[in-house]
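Spelled out from the first residue to the last, the chains are:
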Amino acid sequence: MYLMLLLSACVMTFLGTCCCAAESHHKWSAEASDWGFNQFIMLQELQDERAGYIVNDTVKIKVEVTVQRDERYTYDSRQETGYVGLKNQGATCYMNSLLQYLYHLPYFRKAVYHMPTSENDMPHNSLPLALQSLFYKLQYSRTPASTKDLTKSFGWSTMDAFMQHDVQELNRVLCEKLEDKMKGTRVEKVINELFEGHTFNFIECLNVEYKSSRRESFMDLQLDVKGCANIYDSFDRYTQVEVMEGENQYRAEGHGLQDAKKGVLFDDFPPVLQLQLKRFEYDFQRDSMVKINDRYEFFDELDLDKDNGKYLSPQADRSVRNLYKLHSVLVHSGGVHGGHYYAYIRPDGKNWFKFDDTGVTVEDQHKALDEQFGGEDEPTPAGGPLQPVQGPVQEGGDQIGMAGGKRLGGLKFTKFSNAYMLVYVRVSDWNRVMIPVTKDSIAVYLRERLEAEQREKEKRQKEKQEAHLYCHVRIATDADIAEQVGKSQWFDLVDYDRLPPSRTFRVRKLTLFSDFKKQVASELGVSVDQQRFWVWQKRQNKTYRPTARLKADEEKAMIVDLREHREMVHNTAKHALMDLRLYLEIPWPQDTKVQQPNRQDINLFFKYYDPYTEQFKYIGHRYVAKHFRIQDLFQLLAKLAGLSQDTPLQAYEEIKWDPTVMVESLEPSITISTAQLESGDIIVYQKAVPAAPPQGPDASRAMSKGVIDGAGPDGMEVEQGEQQQQQQQQQQVLQQPQPGRQQQLQTDQQ
């Protein structure tokens, strides 16, 4: 786990009573590994004899350092609290607080687990599966869970994740979508069973016998905050009877305009009562939305049967005891234009926990209730110290307004952190709603899928944590080169990004290379004595060639000691530390023997090009003595290409392809040494074709095959000045064949 250290330091320069002190702190990290005071004391002041810092050319400096662990990087909420948080996608803390509350209603969680999904569903486009996966991670993961799949299942874009939405609207939309997905299943009515209550709306005329009423359902209630001291005041206002008279008379059917009374009572309350506090209102004078930060008290228990059931309708079932226990307090910290959301939840009905995005901490009831009432903090005596009244703002959260007020002696400041949503669970339904949910509560097919996803996630996390201990060794063989050349690769030899996964080995950096060869032998079926590894080197023309074999002492070293041979294609340190790319020379084809070169031989790679079919293929590599002439290779190359050994050939050196293709014709009579060829060079050869385009009816056909003026015989682009270079090579004095050359070539053919 990545760890930062918080450093607190106090530095003092002193002698006797003269003292200059400074204090600071620093968080050490890879990006900020150096720190110090850049202006501790002015040199002029230090050297002033009257200041008394210097006595007998001596200055005493005292340094006190306190090292503290930064708990944000070491705190394990699962271990400390038994719960984990949710990652913030940018501005999704409002959704995180809502999801945590819904998850901690086990009856709801169990219903989500029982929603049917198919094996072909994917979390990012299936709301039920995304929510099931998220709840499973909250229940069993050791690290904070991500909500990206869930928001994608909503159809949200990345921009939506950086915009705060209305919590009440999100809650309603989410429940409606889930209710729709639950239709026709065993959990069809769970949403209504938990959250649905009913109101009794009535109008009764005062002077005539006329009554009108209707029954409506609700999933949550919006309660006034402004002008209400507590939650009971809000219910009083909600059920307050309104007299309709004067210009506001009610038009009763058959009676015309009449004085009447209008009101709302409750037929029944749901087991889980969701109360939305109206903290945000439209201010007509300001012509804008404002946040109501007034003090508003709520209680650990809510008795809606008080005063002989004054909130209940005449037909309400009064045998049901409407005594509720506080389960969750959702908090908004900030202003109307932005802020941060978090939740206090009491899953077991006893202990409070604060769920603040990824952070989960244990809190007391005073923090969860009293400090979320809003209003102003209590004044202190004049001259009292400056004291914070809210906890520290979590770093990395959403847009923060004022996280909390502060008080200065004799002054009061408004608290900007206060409750905006309360969730109560009826005491008589508590045990039914807060049922235990175990893995046995999850359908077998779903549990197996979620467990597999969890294992894969933990595997990736472990690999990420241990990544610094490992590197990737990627090897390419002649078989891999032959598979790519002419299909996806025309220039150079191999594209490592197109190699099969079996060619990538994840090994510890401290692994001996000799042990790595044993691993290769086990997985590729090639004995250790048949393996010969080459390293790739970057040339001045920006090409890469396998130019040098690993030395005997390098093969005895550890992987990490081969740092000079690490992948150099990427300029970032990340890739350089992770990739080691090698060419593995093994017998190819498999029925051949490994070549045994002399010390002075060089390793050349050969490609064959058919100018009539315009096809490339890789022929292989051969060790060649530097005194060989190019034409001395033709008989062997013709045989390897499946041609008769007396077939006339033309040869070219493949030099580079970026920014322009450059191939250079090789005069048959010159030697390897004269051509300045070295290990890793690529020779492309073909059947000899006429030096000039043919005349007559076949001219157009020949032109289409690449035999044109100003180009090489294979049709490749020839760089400017190359024809002059070829003519100069033809005029060079050729070296005579040396004794034993034909005998060595015949042995190689065999």
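Residues numbered from 1 in each chain as written. Predicted model: local features only at pLDDT ≥ 70, side-chain atom pairs only at ≥ 80, totals over all residues. Heavy atoms only, no water.

A.B. asks: So what's going on with the sheet that holds strand S24 (residues 532-538)? Residues and values would help.
C.D. replies: Adjacent strands of a sheet pair through backbone hydrogen bonds, lying either parallel or antiparallel. Judged by pairing direction, the sheet is mixed, and its 5 strands sit side by side in the order S23-S22-S26-S24-S25 without closing on themselves. Strands with a single pairing partner mark the edges of an open sheet, and in this sheet they are strand S23 (504-508) and strand S25 (544-549). Strand-to-strand twist across the sheet, computed as the mean angle between neighbouring axes with direction ignored, equals 40°. (Pairing = 2+ DSSP bridges. Helix = DSSP H or I, 4+ residues; strand = E, 2+ residues; numbered from the N terminus. Axes fitted to C-alpha atoms, helices over the stretch in contact; angles between N-to-C directions.)

A.B. asks: Break down the packing of aromatic side chains for me, citing the residues and quoting the values.
C.D. replies: Tallied over the full model, the rule gives 29 aromatic pairs. Centre to centre, the rings of Tyr-83 and Phe-355 are 5.9 Å apart; their planes meet at 65°, and the pair counts as edge-to-face. Here Tyr-83, found in the loop between helix H2 (77-81) and helix H3 (93-103), pairs with Phe-355, found in strand S17 (residues 352-356); they are 272 residues apart in sequence, far enough to count as distant. With respect to class, Tyr-83 is no different from Phe-355; both count as buried. Each residue in the set Phe-218, Phe-235, Tyr-238, Phe-266, Phe-269 and Tyr-311 is aromatic and connected to the rest through ring pairs, giving one cluster. Sitting over the ring of Tyr-342, Lys-354 keeps its end group 4.5 Å from the ring centre. The cationic tip of Arg-506 hangs over the ring face of Tyr-470; the distance from NZ or CZ to the ring centre is 3.9 Å. (Phe/Tyr/Trp six-rings, centres within 6.5 Å; stacked < 30°, edge-to-face > 60°. Buried < 20%, exposed > 50% of the residue type's maximum accessible area, 1.4 Å probe, protein only. Lys NZ or Arg CZ within 6 Å of the ring centre and 35° of its normal.)

A.B. asks: Residue-level account of the side chain of Ser-141, with values.
C.D. replies: Looking at the element boundaries, Ser-141 is found in the loop between helix H5 (127-140) and helix H6 (148-153). Within polar-contact distance, the side chain of Ser-141 engages the backbone oxygen of Thr-143 at 3.0 Å. Residues contacting Ser-141, with those up to four places away along its chain left out, are Arg-78, Val-84, Tyr-136, Gln-454 and Lys-457. (Polar contact = N/O pair within 3.5 Å; in protein donor to acceptor, adjacent residues only side chain to side chain. Contact = heavy atoms within 4.5 Å.)

A.B. asks: Hey, could you go over the sheet that holds strand S29 (residues 649-656) for me, with residue numbers and the actual values?
C.D. replies: Read from one edge of the open sheet, 5 strands run S28-S27-S31-S29-S30, paired in mixed fashion. For this open sheet the edge positions go to strand S28 (615-624) and strand S30 (662-666), each flanked by a neighbour on one side alone. Ignoring which end each strand starts from, the neighbouring axes of this sheet average 30° apart. Summarising the sheet, S29 and strand S31 (residues 682-687) pair through 6 bridges and their orientation is antiparallel. For Glu-654, the partnering residue across the bridge sits in S31 and is Ile-682.

A.B. asks: Give a detailed account of a positive patch on the surface, specifying residues and quantitative values.
C.D. replies: A surface patch of like charges, here positive, comprises Lys-87, Lys-148, Lys-152 and Lys-464. If you trace the backbone, Lys-464 turns up in helix H14 (residues 444-465). What makes Lys-464 exposed here is its relative accessible area of 70%. (Patch = residues over 30% accessible without salt bridge, like charges linked within 9 Å, V, L, I, M, F, W, Y side chains within 5 Å. Areas by Shrake-Rupley, 256 points an atom, 1.4 Å probe, with all protein chains shown as cover. Salt bridge = Lys/Arg side-chain N within 4 Å of Asp/Glu carboxyl O. Lys, Arg positive; Asp, Glu negative; His and termini not counted. Charge placed at Lys NZ, Arg CZ, Asp CG, Glu CD.)

A.B. asks: Give me the packing of H5 against H14: which residues, what numbers.
C.D. replies: With their axes 10 Å apart at the nearest point, H5 and H14 run at an angle of 60° to one another. Judged on the interaxial angle alone, H14 and H5 are oblique. For the element pair H5 and H14, the recorded crossing hand is right-handed. Contact residues: Leu-129, Gln-132, Ser-133, Tyr-136, Lys-137 and Tyr-140 in H5; Leu-446, Arg-449, Leu-450, Glu-451, Glu-453, Gln-454 and Lys-457 in H14. Among the residues making up the contact of H5 with H14, the classes are represented as 5 nonpolar, 3 polar and 5 charged. (Parallel < 35°, antiparallel > 145°, perpendicular 65-115°, else oblique. Left-handed = near helix turned anticlockwise from the far one by under 90°. Nonpolar A, V, L, I, M, F, W, Y, C, P; charged D, E, K, R; others polar.)

A.B. asks: Describe the pattern of salt bridges, listing the residues and the values that go with them.
C.D. replies: Per the stated rule, a full pass over the model turns up 35 salt bridges. With a closest N to O distance of 3.1 Å, Lys-310 and Asp-307 form a salt bridge. Two residues, Glu-585 and Arg-532, come together in a salt bridge whose shortest N-O distance is 2.9 Å. Of this pair, Glu-585 sits in strand S26 (residues 579-585) while Arg-532 is found in strand S24, placing the two residues 53 residues apart along the sequence. Pair check on accessibility: Glu-585 and Arg-532 agree, each one buried. Counted as one network, the salt bridges with shared partners bring together Arg-215, Asp-267 and Asp-268.

A.B. asks: If you had to explain the nonpolar core to someone new, which residues and values would you point to?
C.D. replies: With 59 residues, the main nonpolar core has Tyr-101, Leu-105, Phe-108, Phe-195 and Val-272 as its most contacted residues. Aside from chain neighbours lying at most four places away, what touches Tyr-101 is Phe-195, Val-272, Gln-274, His-327, Ser-328, Leu-330, Ile-345, Met-421 and Val-423. Within the second largest apolar cluster, 35 residues are counted, among which are Val-225, Phe-298, Val-331 and Tyr-424. (Core = buried A, V, L, I, M, F, W, Y, C linked by side-chain atoms within 4.5 Å.)

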